[in-house]
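# Summary of the model geometry
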Amino acid sequence: TTHVFSDNSAQTEISITLGENFTSPFRIDLFDIKIETLETEATFRDFTCDQKETAYGLYLECDTFLATGNYRSFTIKYDNTRIVKQDGTNYLLEQDFAIPYIAKTSIIKVFLPEGTVVRENQHYLPSHGTSSSDGRRIVVIWRDNDLSANSHISIKIPYEPLPFSIPIEIILVIVALAATV
């Protein structure tokens, strides 16, 4: 899940549940990003992730040797500032995900900043995503099943500010004032 903010920064959270027979270190490739902060959490002890630079970005190698039974899940959360490009009032989010292992299910969610919409007459990629709203923000979701090892998912979302938006606080004040008349 990625949350994009109005200052073009983003926070991504990756949640993984390992298969029962997974015994090696887990590697996650992150393309063209700069991690500002990195947080990890796991349902098993002695979980660590090392960050290593490469020519195309970086990768995280996580120690998963103590993942057993019902304790096979972990989360990696990081902040970065390189996935949103801005040209005037037009924005383009680009994020690449490498899936190095066989995956039963992959769900990618992107929450756009409040007060923005997908650009008119342009579409997000891959095209099989769906968009909806949580009432304040547009969310685009991609769901893929039965991914083979070394799969790659590249997402792009062109977005822009709403042409004219009134903050919800102002609308509530107007409604409250109208109710007292």
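Okay, so let's go over this structure.

The rules we used
Per chain, the residues get numbers from 1 upward, laid out in the order the sequence is written. Restriction of local features to residues with pLDDT of at least 70 applies here, the model being predicted, together with a cutoff of 80 or more for giving and counting side-chain atom pairs; totals for whole chains, interfaces and linings are based on all residues. Heavy atoms from the whole structure form the basis of all side-chain values; hydrogens and water molecules are not counted. Going along the chain from the N terminus, every DSSP run of H or I of four or more residues is numbered as a helix, and every run of E of two or more is numbered as a strand. For the exposure calls, accessible area comes from a 1.4 Å probe over protein chains only, and a residue counts as buried if that area is under 20% of its type's maximum, exposed if over 50%, partly exposed in between. By the convention used here, residues are in contact when the closest approach between their heavy atoms is within 4.5 Å. Only the protein chains shown count as covering a residue, and every accessible area follows the Shrake-Rupley method with a 1.4 Å probe. Lys and Arg are tallied as positive, Asp and Glu as negative. Neither His nor the chain termini are counted. Charge positions come from single atoms, namely NZ of Lys, CZ of Arg, CG of Asp or CD of Glu. Here, a strand pair is defined by DSSP locating no fewer than two bridges between the strands. For helices, the axis comes from a line fit to the C-alpha atoms of the stretch in contact; other axes are also lines fit to C-alpha atoms, and the angle between any two N-to-C directions lies between 0 and 180 degrees. Think of a polar contact as two N or O atoms within 3.5 Å of one another; within protein, one of them needs to be a possible hydrogen donor and the other a possible acceptor, and neighboring residues in sequence only count if both atoms come from side chains. Salt bridge, as used here: a side-chain nitrogen of Lys or Arg that lies within 4 Å of a carboxyl oxygen of Asp or Glu. Side-chain rings of Phe, Tyr and Trp, where Trp is taken by its six-membered ring, are said to pair if the distance between their centres is within 6.5 Å; with planes under 30 degrees apart they count as stacked, over 60 as edge-to-face, and otherwise as tilted. Only protein atoms enter the calculation, which uses a 1 Å grid: trapped sets of points that fit a 1.4 Å probe without letting it out are cavities, open sets showing protein on both sides within 12 Å along at least five of seven lines are pockets, and any residue with an atom within 4 Å of a point is a lining residue. Grid points are joined across faces, edges and corners, and a volume is the space filled by probe spheres set on the points. Three classes are used, and their members are as follows: Ala, Val, Leu, Ile, Met, Phe, Trp, Tyr, Cys and Pro are nonpolar, Asp, Glu, Lys and Arg are charged, and the others, Gly among them, are polar.

## Overview of the overall build of the protein
Scanning the protein from terminus to terminus reveals 1 helix and 14 strands. The burial tally for the protein puts 35% of its 181 residues in the buried class. In the protein, of all internal contacts separated by at least 6 residues, the share reaching a separation of at least 24 is 73%. Accessible area for the protein stands at about 11,000 Å²; split by element, carbon and sulfur atoms hold 51% of it. Here the protein carries 15 positive and 24 negative side-chain charges, and the mean point of each set is 2 Å from the other.

## Quick look at the sheet that holds strand 10 (residues 103-111)
The strand order across the open sheet formed by 7 strands is 4-7-2-1-10-13-12, and the pairing between neighbours is mixed. At either end of the open sheet lies a strand with only one pairing partner, and these are strand 4 (35-42) and strand 12 (130-133). Here the strands of the sheet are splayed against their neighbours by 15° on average, with no regard to which way each runs.

## A few points about the side chain of serine 151
For serine 151, the position within the fold is in strand 14 (residues 151-161). Owing to a relative accessible area of 13%, serine 151 belongs among the buried residues under this scheme. A polar side-chain atom of serine 151 sits 2.6 Å from the main-chain carbonyl oxygen of serine 148.

## Here's the deal with the pattern of salt bridges
For the structure on display, the rule yields 5 salt bridges. Where glutamate 94 meets lysine 156, a salt bridge forms, and the shortest distance between an N and an O atom there is 3.3 Å. Pair noted here: glutamate 94 is in strand 9 (residues 90-99) and lysine 156 is in strand 14, with a separation of 62 residues, a long-range link.

## Here we look at the packing of aromatic side chains
Per the counting criterion, the structure on display carries 8 aromatic pairs. Summarising the aromatic geometry, the rings of phenylalanine 22 and phenylalanine 26 are spaced 5.8 Å apart at their centres and angled 50° between planes, so their arrangement reads as tilted. Each member of the pair, phenylalanine 22 as well as phenylalanine 26, carries the same accessibility label: buried. Taking the centre distance of 5.4 Å and the plane angle of 75° together, the rings of phenylalanine 26 and phenylalanine 74 count as edge-to-face. Of this pair, phenylalanine 26 sits in strand 3 (residues 26-31) while phenylalanine 74 sits in strand 7 (residues 73-80); the two residues are 48 residues apart in sequence, bridging distant segments of the chain.

## Quick word on the layout of surface pockets
Empty space within the largest pocket amounts to approximately 1,000 Å³. Considering the residues around the largest pocket, the lining is formed by 32 residues, among which Ser15, Ile16, Thr17, Ala103 and Thr105 are closest to the centre. A total of 7 residues in the lining of the largest pocket trace back to one element, the largest contributor, which is strand 10. When the residues that make up the lining of the largest pocket are grouped by side-chain class, the tally is 16 nonpolar, 9 polar and 7 charged.

## Quick notes on the pairing of strand 9
Direction of pairing for strand 8 (residues 84-87) relative to strand 9: antiparallel, over a ladder of 4 bridges. By the bridge assignment for strand 9, glutamine 86 is matched with tyrosine 91. Hairpin geometry of strand 8 and strand 9 is characterised by an intervening segment of 2 residues between the two adjacent antiparallel strands and by a positive phi of about 70° at glycine 88. Note: strand 9 against strand 14, 9 bridges, orientation antiparallel. Of the residues in strand 14, the one forming a bridge with leucine 92 is proline 158.

## Some points on empty space enclosed by the protein
Rolling a probe over the atoms, with the probe sized like a water molecule, indicates the empty space that remains. Summed over the entire model, instances satisfying the criterion amount to 1 cavity of 30 Å³ or more. Counted as a void, the largest cavity has a volume near 40 Å³. Lining the largest cavity, in full, are Leu30, Phe31, Ile33, Tyr78, Gln95, Asp96 and Phe97. Mapped by element, the contributors of at least two residues to the lining of the largest cavity are strand 3 and strand 9. In the lining of the largest cavity, the residues fall into 5 nonpolar, 1 polar and 1 charged.

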